[in-house]
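Architecture and fold: a report
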Amino acid sequence: MSTTYQLTHLGALEAEAVHIFREVAATAERPVLLFSGGKDSVVMLHVAAKAFWPARIPFSVMHIDTGHNFDEVMAFRDATALASEIDLIVASVQDDIDAGRTVEETGPRATRNRLQTATLLRAINERRFDAVFGGARRDEEKARAKERIFSFRDEHGQWDPRKQRPELWQLYNGRHRQGEHFRVFPLSNWTELDIWQYIAAEDIALPSIYYAHRRTVISRDGMLLAATRFVTPANGEEPFESLVRFRTVGDATCTGCVESSAADADAVVAEIATTRTTERGATRADDRISDTGMEDRKKEGYF
């Protein structure tokens, strides 16, 4: 009696990501995985662990730390690194500010988000990484929709969409000269809904702020920002308490939350299924600087 083996939709996405991890591990000399403690990097780490089980993950994990992160996410990052026995590298934006390599923004809407580029490129150059895994997905933003899975970066870490290489039949060209590198996106073909369905199916732990909780917020430019020590209310901005959760996690000065009662992964899946705005479009102020904000930053070397 013959049987037919079929992968589920999530199984196919996972298998593709596992293949990408193994391809990089087999061909790159010094890969590293970017890990912020956010949901996409948590899923990416989970899939990487599956790709090499029962062996340990054969590369380091790196966080570009702005110093303006949510406390819950930093605690989760450290606990995950300890439990997973991974080599966690922390590259600090504050170190580059102190050394005069970058200049901190000022004003009520100042953010360190853009300053991460200089810190990321410094860390890549100092440690000679030639493949950098990132959790970006094509559905997040129109500039990221242009990305290849193996995204070529020149000797300055810059991205040029015209110089990206074709990826036919899942064949990836990772050849590069000294000083050049690739950003590799194993979750490129996943959507936000896929991510949450996978989290629910695999019972993956996340920072608590991804689920509904009461928090003091301020309303700014059509978004709700958490009232933290990094965000100073401007004139006319009155803090108030609301039941919210975060769809994405980044610098606390530019990452908003949404009103929600979704207290677990299944409830988030149901909520996301009816949402028509991407998480970055709804909650990331740094993407609103211009119509080409993300693409301009990527050309400078951003994630």
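The structure this text deals with has already been given above.
Residues numbered from 1 in each chain as written. Predicted model: local features only at pLDDT ≥ 70, side-chain atom pairs only at ≥ 80, totals over all residues. Heavy atoms only, no water.

1. What about the sheet that holds strand β8 (residues 223–226)?
Taking strand neighbours around the barrel as the criterion, the 4 strands line up as β7-β8-β10-β9 in a closed arrangement whose pairing is antiparallel. Going across the sheet, the axis of each strand differs from the next one's by a mean of 70 degrees, ignoring polarity. In this sheet, strand β10 (residues 256–259) lies alongside strand β9 (residues 240–245) in antiparallel orientation, the contact comprising 2 bridges. Pairing of Arg-245 across the sheet is with Val-258, part of β10. (Pairing = 2+ DSSP bridges. Helix = DSSP H or I, 4+ residues; strand = E, 2+ residues; numbered from the N terminus. Axes fitted to C-alpha atoms, helices over the stretch in contact; angles between N-to-C directions.)

2. A look at the nonpolar core
Within the largest apolar cluster, 59 residues are counted, with the highest numbers of intra-cluster contacts made by Phe-21, Leu-33, Val-43, Trp-196 and Ile-199. Among the elements that line this core, the one with the most residues is helix α2 (residues 39–52), at 8 residues. Each residue touching Phe-21, except ones within four places of it in the same chain, is listed here: Leu-33, Met-44, Val-47, Ala-48, Ala-51, Phe-52, Phe-59, Phe-133 and Pro-186. Within the second largest apolar cluster, 14 residues are counted, among which are Val-32, Leu-34, Ile-97 and Ala-123. (Core = buried A, V, L, I, M, F, W, Y, C linked by side-chain atoms within 4.5 Å. Buried < 20%, exposed > 50% of the residue type's maximum accessible area, 1.4 Å probe, protein only. Contact = heavy atoms within 4.5 Å.)

3. Remarks on the packing of aromatic side chains
The full count for this structure, using the stated rule, is 11 aromatic pairs. Three or more aromatic residues joined by ring pairs form one cluster here, namely Phe-21, Phe-52, Phe-59 and Phe-133. (Phe/Tyr/Trp six-rings, centres within 6.5 Å; stacked < 30°, edge-to-face > 60°.)

4. Notes on the side chain of His-181
Tracing the chain through its elements places His-181 in strand β6 (residues 181–184). A polar contact of 2.9 Å, which involves the side chain of His-181, links it to the side chain of Arg-183. Those residues in contact with His-181, other than ones at most four positions away along the chain, are Ile-124, Phe-129, Asp-130, Val-132, Ser-151, Phe-152, Arg-153, Asp-154 and Gly-157. (Polar contact = N/O pair within 3.5 Å; in protein donor to acceptor, adjacent residues only side chain to side chain.)

5. Quick notes on helix α7 (residues 265–273)
Listing the buried residues of α7 in full gives Ala-265, Val-268, Val-269 and Ile-272. Relative to the axis of α7, the buried residues are bounded by an arc of 105 degrees and lie together on one face. Buried residues in α7 make contact with α6 (192–202) and β9. Two or three places before Asp-266, at the opening of α7, Asp-264 has a side-chain oxygen 3.3 Å from that residue's backbone nitrogen. (Arc of directions from axis to C-beta.)

6. Considerations on the pattern of salt bridges
On inspection of all chains with the given rule, the structure shows 18 salt bridges. As a salt-bridge pair, Glu-241 and Arg-214 come within 3.9 Å of each other at their nearest N and O atoms. Taken together, the residues Glu-241 in strand β9 and Arg-214 in strand β7 (residues 213–220) connect sequence positions 27 residues apart. Overall, Glu-241 belongs to the exposed group, its relative accessible area being 53%. Judged by relative accessible area, which is 55%, Arg-214 ranks as exposed. Between Arg-220 and Glu-237 there is a salt bridge whose closest N-O contact spans 2.8 Å. Placement of Arg-220 in strand β7 and of Glu-237 in the loop between β8 and β9 is noted, with a sequence separation of 17 residues between them. (Salt bridge = Lys/Arg side-chain N within 4 Å of Asp/Glu carboxyl O.)

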